[in-house]
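Results of the structural survey
The primary structure of each chain is shown beneath.
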Amino acid sequence: MTNIILPVIDDFEGYAALVKELKIPDAHILVGVTEAGAQAFKFRKAGMRVTIYKNGSAKEEIVNALQSQLEEGKTLIMRKKLSRQEVAKFLDSKADITVCDKKPRNKFSEFFYNLWKKIIRLMFDLTFFDGDVSAVAFSENLSGVIQNISNLSYASRINRWKGVSEGAVQTSSKPAKKEYSRLKNNVMLIGWTVLFLAVVASTAVYFLFEPATFLAGFLWACAIVISSLCLILAVVIYIMNIKTGKRHFKKAEEV
């Protein structure tokens, strides 16, 4: 069995046309569409199952909701439209996990990307897939895990997999838009930055008017170190949200 998870929240006619074009033997096409686009999928196709969710549902919420409908076999999660040929390449891949091919990076970008990966691995014991996760295919070997993992959306965006082979397929369309609140992300980073600067300023003002003692110096040093670590963590989370979207998504609510 070949599972295809297709969360659709926009361009409904385009995704419907793609589904009509797909010719995959033994396919189990799971379409999760919001109410606004339900009419576009009022057609019959062998192996297709359409589930309608509330307007405003995020793609990642739909991915988590559709997990319960998966069957044993290979699974392809399509967060963006692929051509019929690209879909075939994902399904023909022999790797355990296959993503969209990465954009070329120069030596400068590659250096900072590798440094960034080491920081993330050190802090969170995880890393990113070396490519775009707008489309991700999991081999039949991982079928049992994919069916039962607690957060399929996150597991298909962040690489916490051990002992698996990875592959990539070159795609022509742009990466799918990452789902997170830009306002909350910016407020979080600004808040921790302001706190760090306030601690540094408070330290300077204190020692400007008070005599320096070992205890005072130790306490203010601890405050600066703690606020610095919090700011570093905030920067890491900020960048992770931009790169992969927010971590936690609930399941979309079915209509």
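Summary of the structure given here. Predicted, not measured: the structure shown is a model, and the values here were computed from it.

A separate point is helix H8 (residues 214–244). For H8, spanning 31 residues, the distance from its first C-alpha to its last is 45 Å, which sits close to the expected 45 Å at 1.5 Å a residue. Turning to H8, its buried residues are Ala216, Ser227, Leu231, Ala234, Val236, Met240, Asn241 and Thr244. Looking at the packing, one finds that the buried side of H8 touches helix H4 (107–124), strand S6 (127–128), helix H6 (152–155), strand S8 (158–159) and helix H7 (182–209). With its phi angle positive at about 90°, Gly245 sits one or two positions after the end of H8.

Take a nonpolar patch on the surface next. Together, Phe108, Phe111, Phe112, Leu115, Ile119, Leu122, Met123, Val225, Leu229, Ile232, Leu233 and Ile237 make up an exposed nonpolar region whose accessible area comes to about 1100 Å². Listed by contribution, the elements that provide at least two residues to the nonpolar patch are H4 and H8. A total of seven residues in the nonpolar patch trace back to one element, the largest contributor, which is H4. One can find Leu122 in helix H4.

The nonpolar side chains of a soluble globular protein tend to be buried with one another. Ranked by internal contacts, the top residues of the largest apolar core, which has 28 residues, are Val31, Phe41 and Val87. Listed by contribution, the elements that provide at least two residues to this core are strand S1 (2–8), helix H1 (12–21), strand S2 (27–34), strand S4 (74–78), helix H3 (84–92) and strand S7 (132–138). By residue number, the principal contributor to this core is H1, which donates five residues. Apart from the residues within four sequence positions on either side, Phe41 is in contact with Val8, Phe12, Tyr15, Ala16, Val19, Val31, Val33, Met48 and Val50.

Attention now goes to the sheet that holds S1. Strand pairing within a sheet occurs via backbone hydrogen bonds; the two strands may be parallel or antiparallel. The seven strands are arranged S3-S2-S1-S4-S7-S5-S9 in an open sheet whose pairing can be described as mixed. If you trace the sheet from one side to the other, it starts and ends with strand S3 (48–53) and strand S9 (166–169), each paired once. Direction aside, the axes of adjacent strands within the sheet are offset by 20° on average. As defined by bridge partners, S4 adjoins S7 across four bridges and the pair is classed as antiparallel. Directly across from Ile77, in S7, lies its bridge partner Val136. Along the sheet face, helix H2 (residues 59–66) touches S1, S2, S3 and S4 and points at about 145° away from the line of S1.

Let us look at the pattern of salt bridges. Working definition: two side chains of opposite charge can pair if their charged atoms are close together. The final tally for this structure, using the stated rule, is six salt bridges. The salt bridge involving Glu60 is made with Arg157; its shortest N-O contact spans 3.5 Å. Of the two residues, Glu60 is situated in helix H2 and Arg157 in the loop between H6 and S8; the sequence distance between them amounts to 97 residues. Among the residues examined, Arg157 registers a relative accessible area of 2% and is labelled buried.

Moving on, we get to a positive patch on the surface. A contiguous patch of positive charge on the surface is contributed by Arg121, Arg160, Lys162 and Arg247. By secondary structure assignment, the location of Arg160 is in the loop between S8 and S9.

Turning our attention to the packing of H4 against H8. If you want to describe how two helices pack, look at the angle between their axes and the distance between the axes. Running from N to C, H4 and H8 cross one another at 115°; their axes reach a closest spacing of 12 Å. Considering their axes alone, H4 and H8 lie roughly perpendicular with respect to each other. Seen along the crossing, H4 lies across H8 with a hand that is left-handed. Here H4 contributes Tyr113, Trp116, Ile119, Ile120, Met123 and Phe124 to the contact with H8, which in turn contributes Leu233, Val236, Ile239, Met240 and Lys243. Here the contact of H4 with H8 is built from residues that sort into 10 nonpolar, no polar and one charged.

In this structure, Asp11 takes a positive phi of about 45° despite not being glycine. In this fold, Asp11 is placed in the loop between S1 and H1. Although it is not a glycine, Asp26 adopts a positive phi angle of roughly 60°. Relative to the helices and strands, Asp26 resides in the loop between H1 and S2.

Let's shift gears to the packing of H7 against H8. Across the interface, H7 lies against H8 with an axial gap of 9 Å and an inter-helix angle of 165°. As judged from the angle between their axes, H7 and H8 are roughly antiparallel. The hand of the H7/H8 crossing is left-handed. Classifying every residue of the contact of H7 with H8 gives 18 nonpolar, nine polar and no charged.

Cut-off values and rules
- Residues numbered from 1 in each chain as written.
- Predicted model: local features only at pLDDT ≥ 70, side-chain atom pairs only at ≥ 80, totals over all residues.
- Heavy atoms only, no water.
- Helix = DSSP H or I, 4+ residues; strand = E, 2+ residues; numbered from the N terminus.
- Expected span 1.5 Å × (residues − 1).
- Buried < 20%, exposed > 50% of the residue type's maximum accessible area, 1.4 Å probe, protein only.
- Contact = heavy atoms within 4.5 Å.
- Patch = residues over 30% accessible without salt bridge, like charges linked within 9 Å, V, L, I, M, F, W, Y side chains within 5 Å.
- Areas by Shrake-Rupley, 256 points an atom, 1.4 Å probe, with all protein chains shown as cover.
- Salt bridge = Lys/Arg side-chain N within 4 Å of Asp/Glu carboxyl O.
- Core = buried A, V, L, I, M, F, W, Y, C linked by side-chain atoms within 4.5 Å.
- Pairing = 2+ DSSP bridges.
- Axes fitted to C-alpha atoms, helices over the stretch in contact; angles between N-to-C directions.
- Lys, Arg positive; Asp, Glu negative; His and termini not counted.
- Charge placed at Lys NZ, Arg CZ, Asp CG, Glu CD.
- Parallel < 35°, antiparallel > 145°, perpendicular 65-115°, else oblique.
- Left-handed = near helix turned anticlockwise from the far one by under 90°.
- Nonpolar A, V, L, I, M, F, W, Y, C, P; charged D, E, K, R; others polar.

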